[in-house]
Amino acid sequence: MSGGGCSVVWFRRDLRVEDNPALAAAVRAGGVVCVFIWAPEEEGPYYPGRVSRWWLKHSLAHLDCSLKSLGTSLITKRSTDSVSSLLEVVVSTGATQLFFNHLYDPISLVRDHRAKEVLTAQGIAVRSFNADLLYEPWDVNDVHDCPFTTFDAFWGRCLSMPYDPDAPLLPPKRIISGDVSRCPSDTLVFEDESEKGSNALLARAWSPGWSNADKALTTFINGPLLDYSYNRRKADGATTSLLSPHLHFGEVSVRKAFHLARMKQVLWANESNKAGEESVNLFLKSIGLREYSRYISFNHPYSHERPLLGHLKFFPWVINQNYFKAWRQGRTGYPLVDAGMRELWATGWLHDRIRVVVSSFFVKVLQLPWRWGMKYFWDTLLDADLESDALGWQYISGTIPDGREFDRIDNPQFRGNSFALVPLSHDERKSLKESTSVVTTRFIWFEGYKCDPNGEYVRKWLPELARLPTEWIHHPWNAPESVLQAAGIELGSNYPLPIVGIDAAKTRLQEALSEMWQHEAASRAAVENGTEEGLGDSSESVPIAFPQDIQMEENNEPARNNPPGTRRYEDQMVPSITTSLVRAEEEETSLELQNLTEETRAEVPTDLIVNQEPRRDMLNQGVFQTTRNNALPPPNAAIGMQHAVEDSTAESSSSTRRERDGGVVPVWSPSSSSYSEQFGSEDNSIGTSSYLQRHPQSHQIMNWRRLSQTG
DNA sequence: TGACAGTTCAT
DNA sequence: TGAACTGTC
């Protein structure tokens with residue numbers, strides 16, 4: 001044991017000992033105290049769901065075990081204020097240094113900045129590291145030194161950076177423990193009695209913990225990766241990497257995954273194995289999307305609750321809690337959607353393709369507000385991840401520049417080939433011959449035939465449809481009565497009729513979109529006239545509250561011991577999932593968060609430590625520095641007036657640059673505090689979608705500074 | 001080789 | 001829908 005002068009390593013979502021830069025730096029510095037602080041109330045409405053807490057519990061136990069074998073252990077603290085608890089740990093152990101790895105969700109950005117400030121003020125040396133990304137968000141910029149606004153451009157840049165992502169670090173061989181005799185652990189409670197039964201099933205399918213994650217990675221790289229491109233569209237999870245929950249909790253290093261996959265790619269390229277090469281590209285792209293979600297979150301910290309494209313704030317979402325309930329329960333009448341929702345409920349897992357199916361349906365057919373769907377995913381997914389889920393839902397909702405176009409449920413295809421007008425098959429013609437119908441085409445749900453061609457997935461999760469022939473499995477509403485009878489199905493009775501017809505959905509979508517554009521135009525006109533500043537802003541920027549039935553579903557059963565601030569979905573058929581507290585005062589909370597975050601972004605990192613280590617530490621000089629509006633391209637005529645005005649009033653900022661390994665780390669001065677985010681102009685339009693070309697007035701990302709003023 | 005139709009797939 | 005790709009003449 002070493003006495004004072006030890007280092008505290010603050011573990012969060014980096015629950016591994018391998019390639020953990022904060023841990024490695026602490027080990028090099030001498031005595032180490034490892035701490036995990038459980039303060040879920042700090043997450044506000046994003047209190048972790050049942051399955052997510054289950055994972056965390058086991059991952060922490062696993063980490064503790066590894067640390068014990070290396071010579072120390074994991075101190076756990078229950079808290080409602082992470083920073084205060086952190087300070088207590090530092091004081092009680094006599095530590096002089098704090099090390100942690102970066103997170104990029106809005107709450108962590110604020111919290112970590114505060115931790116740096118508070119501890120630095122106490123004379124503690126604070127250093128933070130990149131353990132979660134290939135490249136830090138502020139290192140990936142376009143030729144104007146602005147952040148990218150489309151994935152393709154972003155990822156293209158990542159793959160052509162002048163320096164490779166850091167090679168993964170080996171686990172420490174031994175850790176000298178700091179003095180924790182005056183720093184006892186709290187017992188952390190991650191599940192209540194009622195949840196234990198459901199959670200027990202999870203252990204059959206999943207093994208949390210960093211070394212299990214490492215095994216999963218190796219298994220995937222040496223096995224399913226080869227056929228990843230061929231298999232990836234199938235609905236069952238057997239061919240995906242299954243790494244996402246491990247990645248969420250930082251049990252596996254994304255850099256290790258990247259380097260291992262790249263090595264395979266080189267190997268397969270030498271063997272002229274085209275499919276293998278393509279598989280690696282696709283796998284790396286999915287890693288890239290995860291990177292991009294952090295990038296978006298860092299550059300637009302409101303992206304989990306506001307559309308990034310301004311005009312979408314005028315979209316009249318359908319506020320229908322019965323639709324929402326039917327979707328959650330898997331009773332929409334669309335078999336693939338229902339199968340997916342039931343799998344999600346039962347297992348906490350969904351194949352990526354099915355996530356796209358159920359969320360597209362949610363947004364485009366039911367036209368429910370995407371944040372409701374995102375919140376439900378948050379509560380139920382094993383790999384719930386705020387940044388990735390926000391990006392996914394914004395993509396599906398068409399609220400990011402390269403997202404799915406919203407105005408495309410039109411004829412006759414629903415984007416993504418989900419609905420297609422197809423000729424009747426031979427069998428169908430035959431079966432319809434007896435009737436007098438002259439129909440020769442029909443709508444089917446085409447996506448179903450792509451990712452579940454034989455209907456096995458649907459039959460697995462919807463046993464009531466098990467006897468329906470494959471021909472009709474994805475569109476039972478088209479099946480002849482005789483077929484339904486033979487399969488024991490009575491639509492509207494033991495399986496629902498579609499709750500919304502596709503034609504009705506298309507009609508409503510068109511009406512809603514024209515309403516949206518009208519409001520958008522009116523708002524813009526008002527702003528340009530200077531009469532009514534931001535007409536419509538008052539409603540636009542207030543997120544639609546989560547549904548009452550979630551909010552009001554208090555759990556009244558006294559025997560249950562829910563974590564504070566949780567609610568239940570009582571209407572679900574499967575018992576015992578908890579959902580997080582829905583904010584009662586949504587508006588205030590958002591505003592507070594935004595202001596806090598803005599404050600964070602407006603300041604220079606207070607990284608006062610002189611770097612002694614050669615490489616990775618240098619990367620951290622610019623940690624959580626603010627934005628780069630000093631490098632914005634000239635205001636574009638196509639961009640709304642209010643932006644031009646803001647640009648003209650924006651303070652110019654100065655920056656200095658430091659050389660690092662051929663790269664450059666920006667260090668921003670306090671004068672770069674004004675934040676004005678906008679899209680580049682046409683000349684900057686790498687990957688600009690046709691949608692935006694058709695609607696240049698919408699070619700802007702919602703300005704977050706204005707939001708915080710008007711929200 | 002090149003024009004053209006059919007196809008596939010979107011981050 | 002439309003860009004990129006495939007196959008045919």
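Residues numbered from 1 in each chain as written. Chains lettered and ligands numbered in written order. Predicted model: local features only at pLDDT ≥ 70, side-chain atom pairs only at ≥ 80, totals over all residues. Heavy atoms only, no water.

### What to know about the UniProt feature "domain: Photolyase/cryptochrome alpha/beta" (unreviewed entry) in chain A
Stated precisely, the cut-off is as follows: UniProt positions are given in the numbering used here, feature names are shortened, and annotations may be inferred rather than shown by experiment. In this text, helices come from DSSP runs of H or I with a minimum length of four residues, and strands from runs of E with a minimum of two, each type numbered from the N-terminal end.
Taking the numbering used here, the UniProt-annotated feature "domain: Photolyase/cryptochrome alpha/beta" (unreviewed entry) corresponds to residues 5-134. Taken as a whole, residues 5-134 contains 45% helix and 21% strand, while its terminal C-alpha atoms sit 32 Å from one another.

### Section: the sheet that holds strand 2 (residues 32-38)
Selection rule: Here a strand pair is declared whenever DSSP counts at least two bridges between the two strands. Structural elements are reduced to axes, namely lines fitted to C-alpha atoms, with helices fitted over the stretch in contact, and the angle between N-to-C directions of any two is expressed from 0 to 180 degrees. Two residues qualify as a contact provided that any one of their heavy atoms is within 4.5 Å of a heavy atom in the partner residue.
Read from one edge of the open sheet, 5 strands run 3-2-1-4-5, paired in parallel fashion. Strand pairing shows two members of the sheet lacking a second neighbour, strand 3 (74-78) and strand 5 (125-129), which therefore form its edges. Within the sheet, the average angular offset between the axes of one strand and its neighbour, ignoring direction, is 25°. The pairing of strand 1 (residues 7-11) with strand 4 (residues 97-101) spans 4 bridges and is parallel. Considered in strand 4, the bridge of W10 is made with F100. Here helix 1 (residues 21-29) sits on the sheet and contacts strand 1, strand 2, strand 4 and strand 5; the angle it forms with strand 4, its principal contact strand, is near 155°. Contacts from helix 2 (residues 50-70) reach strand 1, strand 2 and strand 3, with the element oriented near 170° to strand 2.

### Quick word on the nonpolar core
Selection criterion: The definition of a nonpolar core used throughout is a set of buried Ala, Val, Leu, Ile, Met, Phe, Trp, Tyr and Cys residues joined through side-chain atoms within 4.5 Å. Note on exposure labels: buried denotes an accessible area under 20% of the residue type's maximum, exposed denotes more than 50%, and partly exposed covers the range between, all computed with a 1.4 Å probe on protein chains only.
Core analysis: the largest hydrophobic core is formed by 62 residues, its most contacted members being F315 and W327. Those residues in contact with W327, other than ones at most four positions away along the chain, are T332, V337, M341, V358, F361, F362, L366, G373, Y376, F377 and W393. Formed by 37 residues, the second largest nonpolar core is a distinct cluster that contains F220, L284, I296 and L308.

### Points about the domain arrangement of chain A
Condition: For the purposes of this description, domain bounds are those given by an automatic or database domain assignment. By buried area we mean the combined loss of accessible area, with a 1.4 Å probe, across both parts when two parts are placed together. By salt bridge we mean one thing: a side-chain nitrogen of Lys or Arg within 4 Å of a carboxyl oxygen of Asp or Glu. Here a polar contact is recorded for every N or O atom pair within 3.5 Å, except that within protein the pair must consist of a potential hydrogen donor and a potential acceptor, and residues adjacent in sequence are included only if both atoms are side-chain atoms. For this classification, Asp, Glu, Lys and Arg are treated as charged, while Ala, Val, Leu, Ile, Met, Phe, Trp, Tyr, Cys and Pro are nonpolar and the rest, including Gly, are polar.
By domain assignment, chain A separates into domain 1 (1-132), domain 2 (133-167 + 210-298) and domain 3 (321-415 + 441-503). A C-alpha centroid distance of 26 Å is found between domain 1 and domain 2. Domain 1 puts 23 residues into the contact, and the matching count from domain 2 is 27 residues. Interface of domain 1 and domain 2: buried area, both sides summed, is about 2100 Å²; carbon and sulfur atoms make up 49% of it. Where domain 1 packs against domain 2, one counts 4 salt bridges. With a shortest N-O distance of 3.0 Å, K256 and E18 are connected by a salt bridge. Counting every contact that joins domain 1 to domain 2 gives 17 residue pairs in polar contact (both at pLDDT 80 or more). For the side of domain 1 that touches domain 2, the secondary structure elements donating two or more residues are helix 2 and helix 4 (106-121). Here the residues of the side of domain 1 that touches domain 2 sort into 10 nonpolar, 6 polar and 7 charged.

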